[in-house]
2 protein chains.
Amino acid sequence: MNAHDLVQEIIERKGKIENVFWIACGGSMIDLMPANELLKREATTFTSTVYTAREFCLMAPKSLGEKSLVIACSHSGNTQEVVDGCEMALAAGAEVVALTDCEGSKIDNGKWTTWVYPWGEGVSQVEVPQGIGALIAAELLDQQEGYEALADMYEGLKQMDALLPAAREKVNAELGDRFAELCQQHKFFYILGSGPNFSQTYAMAICSLMEMQWQHCCYIHSGEYFHGPFEATEPGVFYFVQLGSGECRPMEERALAFLNTHTDTVMVLDALEYGVGEVPASVRSYLEPIFFYNMSCELRAARGKVFDHSPEIRRYMGIEQY
Amino acid sequence: MNAHDLVQEIIERKGKIENVFWIACGGSMIDLMPANELLKREATTFTSTVYTAREFCLMAPKSLGEKSLVIACSHSGNTQEVVDGCEMALAAGAEVVALTDCEGSKIDNGKWTTWVYPWGEGVSQVEVPQGIGALIAAELLDQQEGYEALADMYEGLKQMDALLPAAREKVNAELGDRFAELCQQHKFFYILGSGPNFSQTYAMAICSLMEMQWQHCCYIHSGEYFHGPFEATEPGVFYFVQLGSGECRPMEERALAFLNTHTDTVMVLDALEYGVGEVPASVRSYLEPIFFYNMSCELRAARGKVFDHSPEIRRYMGIEQY
């Protein structure tokens, strides 16, 4: 499947899409968030919203209907909330596209379009939800309104593929051990980020650390930091800053200037030091979360080694009933 | 000023509003969030989005224009990011309404409509940003599309005024001491909530606790809890649950059932035990954040007494340059 043809077929079938809803849970929702940000910012004749799937059902928007496109994602394909969201959208007459890694899973049931994606080492960013989401958003924007940066989006995704191997090595070499050590010294810490990257600030907290490392932490929007959270800053409190390279960088820079003089424990992951600045500026903010996601994978693995806690270990998820 | 006439004048002047942007920072943004949730769910012919003010400027949406209504809020009236956001919106031709507690402040400069609101004990919920926001949203919805629950919204706000005094006493008597004790025992804890109440989950974390008590904590969406955060749950980890009385309650109930068997430290603030269930169901979810905000004020004060840390104390905000 490819985003261009999929979007073309949808528009041929449904006419112009008036609103897009991205529905998923946890890591899968996070992967769709940058695509939503792209449309929130760029689209002028249709709208875009992201929901955690259960809330989408419980607080169903009245604007969901025949002219809606619902993009769902469930990695396992068996997340009941997401399947329920797709059913609700289908009943409302919406066009539904479900992304999943698992062919034949609950969500791959023939009722709607299912896009089965590959996962794991060596898979291109174009083929996984962050890339697919960005391309669906870009194609929809282009085919409905025109989108100058469409070619940049395809090019940018290739560049992400190219820069990630060296970036992974670099983050491991330069930050891995120190990050693990800081986790040993701090039962709790804060992670800062903003803009589309904030999806990965949240992801680093709830997926890489809470879920995969049982590490307590909190995600803070860099722009919001000065409107409350900064009062909790003092020496001994650890802050991890995802320093983006796009439009929102000034928010991190301002927070960082304060952190550097008000705590003794800051770790900065600066996207500009990893080649992300070479991605076209027009699309960089929407693709950069891919960089931060991949760096989080390395850092959680580095922590996992020191704590003897593989990021694959779960004690409840998929094990207990809940 | 009143919401009905303000909205009527705006529509007379501008014609139909096509999109609403709520812009503010921290606690002021939080106060506008339920109004945004109302429009996100109910509106079918116009849209609504909330932004932290700096991100609104840095990632300016292309749909901002002549048919936009920007509702800004700065309690002090001097939040530069919010003033900048209003300037940008004005330059784009949008209708701008700024809420502030401070007459003659930077944001009350004659360039746009300023709504100066009172603050403090005895002020009705109708007169402060959470109420004003809900009424502007409800009036805009009613005057542009019709809104069946408009009368319920006015009635519900009166009911909030009526129920809060006893609710404050009750939360103090039943939870205050224990909450302060749990804060003494836990350097860090989690707060859960969902739906429009999630604004107050975030608020309790970043305003009442981080800012006003220098207490480390993290805010978790109850529906997202099972998609990552619950792996960090174990005996000894403290969870505070804002158990809502509206459509989203099933998300908290599910999280609570798990918490009750997987940690030994849960405190539940159940809106139904405080009379919130008597507010009309049609509008309850959008007004309930008022309840949670007011309960947070009591709980932070209870903590403050035990820690000898008044919620009025700041060490950086409005004191240092940043």
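- With an unreviewed UniProt entry as reference, chain A is termed SIS domain-containing protein, source organism Collinsella aerofaciens.

1. So, the overall build of chain A
Moving on, step 1. Scanning chain A for helices and strands turns up nine helices and nine strands.
Moving on, step 2. Dimensions along the principal axes, computed over C-alpha positions, put chain A at roughly 60 × 45 × 40 Å.
Moving on, step 3. For chain A, with 322 residues in total, the buried portion stands at 63%.
Moving on, step 4. In chain A, of all internal contacts separated by at least 6 residues, the share reaching a separation of at least 24 is 75%.
Moving on, step 5. If you sum the accessible surface of chain A, you get close to 11,200 Å²; carbon and sulfur atoms cover 48% of it.
Moving on, step 6. Within chain A, one finds 23 positive and 45 negative side-chain charges whose respective centroids are separated by 4 Å.

2. Focus on the interface of chain B and chain A
Moving on, step 1. Each side of the interface is counted separately: chain B has 69 residues, and chain A has 69 residues.
Moving on, step 2. Of the roughly 6,000 Å² buried where chain B meets chain A, counting both sides, 57% is carbon and sulfur surface.
Moving on, step 3. Our count for the chain B to chain A interface comes out at six salt bridges.
Moving on, step 4. For K62 of chain A, the salt bridge is made with E42 of chain B, and the minimal N-O distance between the two is 2.4 Å.
Moving on, step 5. One can count 37 residue pairs in polar contact (both at pLDDT 80 or more) joining chain B with chain A.
Moving on, step 6. Breaking the side of chain B that touches chain A down by element, the ones donating at least two residues are α2 (26–42), β2 (47–52), α3 (53–58), β6 (188–193), α7 (198–213), β7 (216–221), α8 (249–262) and α9 (281–307) of chain B.
Moving on, step 7. Classifying every residue of the side of chain B that touches chain A by side-chain character gives 34 nonpolar, 18 polar and 17 charged.

3. Re the state of the cysteines
In protein chemistry, a disulfide is the covalent bond that joins the sulfur atoms of two cysteines.
Moving on, step 1. Per the counting criterion, the structure on display carries zero disulfides over all chains.
Moving on, step 2. Note on C73 of chain A: no disulfide assigned, nearest cysteine sulfur contributed by C25 of chain A at a separation of 9.9 Å.

4. Section: the pattern of salt bridges
Moving on, step 1. This structure, assessed with the given rule, holds 26 salt bridges over all chains.
Moving on, step 2. Close ionic contact of R254 of chain B with E81 of chain A constitutes a salt bridge, the shortest N to O distance being 3.3 Å. Note that R254 of chain B is positioned in helix α8 and E81 of chain A in helix α4 (residues 80–91), a pairing that runs across two chains.
Moving on, step 3. The exposure class assigned to E81 of chain A is buried, which follows from its relative accessible area of 8%.
Moving on, step 4. Of the charged contacts in the structure, one is a salt bridge between R249 of chain A and D270 of chain A, with a shortest N-O distance of 2.9 Å. Taken together, the residues span a long stretch of sequence, with R249 of chain A in helix α8 (residues 249–262) and D270 of chain A in strand β9 (residues 265–270) at a distance of 21 residues.
Moving on, step 5. Overall, the relative accessible area of 10% leaves D270 of chain A in the buried class.
Moving on, step 6. Counted as one network, the salt bridges with shared partners bring together R249, E253 and D270 of chain A.

5. Observations regarding the sheet that holds strand β7 (residues 216–221) of chain A
All names here are of chain A.
Moving on, step 1. The four strands lie next to each other as β7-β6-β8-β9, forming an open sheet whose pairing is parallel. Strands at the two margins of the open sheet, each flanked by one partner only, are β7 and β9. Taken over all neighbouring pairs, the strand axes of this sheet differ in orientation by 20° on average, direction set aside.
Moving on, step 2. Docked against the sheet, helix α7 (residues 198–213) engages β6 (188–193), β7 and β8 (238–243), running at close to 175° with respect to β7.

6. Topic: the UniProt feature "domain: SIS" (unreviewed entry) in chain A
Moving on, step 1. UniProt's feature table lists "domain: SIS" (unreviewed entry) at residues 10–147 of chain A, given in the numbering used throughout.
Moving on, step 2. Taken end to end, residues 10–147 of chain A is 41% helix and 20% strand, and its first and last C-alpha atoms sit 18 Å apart.

7. Here's the deal with the packing of helix α2 (residues 26–42) of chain A against helix α5 (residues 129–145) of chain A
Residue and element names in this part refer to chain A.
Moving on, step 1. Close contact between α2 and α5 brings their axes to 7 Å; oriented N to C, the two are set at 20°. As summarised for this structure, α2 and α5 are arranged roughly parallel, according to the angle between their axes. In the crossing of α2 with α5, the sense of the turn from one axis to the other is right-handed. Contacts between α2 and α5 pair D31, L32, A35, L38, L39 and E42 from the former with P129, Q130, G133, A134, A137, A138, L141 and E145 from the latter.

8. Observations concerning α8 of chain A
Helical periodicity: at 3.6 residues per turn, an α-helix aligns residues three or four positions apart in one direction.
Moving on, step 1. With 14 residues, α8 of chain A ought to run about 20 Å at 1.5 Å a step, and its terminal C-alpha atoms sit 20 Å apart, in line with that.
Moving on, step 2. Looking only at α8 of chain A, the buried set comprises R249, M251, E252, A255, L256, F258, L259 and H262 of chain A.
Moving on, step 3. The elements touched by buried residues of α8 of chain A are β6, β7, β8 and β9 of chain A together with α3 of chain B.

9. Some details on the relation of the copies chain B and chain A
Moving on, step 1. Aligned on chain A, chain B shows an RMSD of 0.0 Å; the corresponding rotation is 180° and the shift along the axis is 0.0 Å. In short, the pair behaves as if placed about a two-fold rotation axis. For chain B, the minimum C-alpha distance to the rotation axis belongs to C218 of chain B and amounts to 2.5 Å.
Moving on, step 2. Comparing contact sets, 100% of the residues at the interface of chain B also lie at the interface in chain A, consistent with an isologous, same-surface contact.

10. So, the sheet that holds β2 of chain B
All names here are of chain B.
Moving on, step 1. Reading across from one edge, β2-β1-β3-β4-β5 is the order of the five strands in this open sheet, with parallel pairing throughout. The open sheet has two edge strands with one neighbour each: β2 and β5 (113–116). On average, each strand axis in the sheet is tilted by 20° relative to the strand beside it, whichever way the strands run.
Moving on, step 2. Pairing analysis gives six bridges linking strand β1 (residues 19–24) to strand β3 (residues 68–73), with the strands arranged parallel. For F21, the partnering residue across the bridge sits in β3 and is V70.
Moving on, step 3. Strands in contact with helix α5 (residues 129–145) are β1, β3, β4 (95–100) and β5; relative to β1, the strand with the most contacts, it is inclined by about 170°.

11. Concerning the packing of aromatic side chains
Moving on, step 1. The full count for this structure, using the stated rule, is 52 aromatic pairs over all chains.
Moving on, step 2. Pairing F226 of chain A with F230 of chain A gives two aromatic rings, centres 5.5 Å apart and planes at 70°, and the pair type is edge-to-face.
Moving on, step 3. Their ring planes at 65° and their centres at 4.8 Å tell us that Y202 of chain B and Y219 of chain B sit as a pair that is edge-to-face. Of this pair, Y202 of chain B sits in helix α7 while Y219 of chain B sits in strand β7, and the two are 17 residues apart along the sequence.
Moving on, step 4. A cation over an aromatic ring shows up here: R315 of chain A above the ring of W214 of chain A, its NZ or CZ 3.8 Å from the ring centre.
Moving on, step 5. Above the plane of the ring of Y51 of chain A lies K40 of chain B, whose end atom (NZ or CZ) is 4.7 Å from the centre.

How each quantity is defined
- Residues numbered from 1 in each chain as written.
- Chains lettered and ligands numbered in written order.
- Predicted model: local features only at pLDDT ≥ 70, side-chain atom pairs only at ≥ 80, totals over all residues.
- Heavy atoms only, no water.
- Helix = DSSP H or I, 4+ residues; strand = E, 2+ residues; numbered from the N terminus.
- Buried < 20%, exposed > 50% of the residue type's maximum accessible area, 1.4 Å probe, protein only.
- Contact = heavy atoms within 4.5 Å.
- Areas by Shrake-Rupley, 256 points an atom, 1.4 Å probe, with all protein chains shown as cover.
- Lys, Arg positive; Asp, Glu negative; His and termini not counted.
- Charge placed at Lys NZ, Arg CZ, Asp CG, Glu CD.
- Buried area = accessible area lost by both parts, 1.4 Å probe.
- Salt bridge = Lys/Arg side-chain N within 4 Å of Asp/Glu carboxyl O.
- Polar contact = N/O pair within 3.5 Å; in protein donor to acceptor, adjacent residues only side chain to side chain.
- Nonpolar A, V, L, I, M, F, W, Y, C, P; charged D, E, K, R; others polar.
- Disulfide = S-S within 2.5 Å.
- Pairing = 2+ DSSP bridges.
- Axes fitted to C-alpha atoms, helices over the stretch in contact; angles between N-to-C directions.
- UniProt positions renumbered as here; feature names shortened; annotations may be inferred.
- Parallel < 35°, antiparallel > 145°, perpendicular 65-115°, else oblique.
- Left-handed = near helix turned anticlockwise from the far one by under 90°.
- Expected span 1.5 Å × (residues − 1).
- Least-squares fit on C-alpha atoms with pLDDT ≥ 70 in both.
- Phe/Tyr/Trp six-rings, centres within 6.5 Å; stacked < 30°, edge-to-face > 60°.
- Lys NZ or Arg CZ within 6 Å of the ring centre and 35° of its normal.

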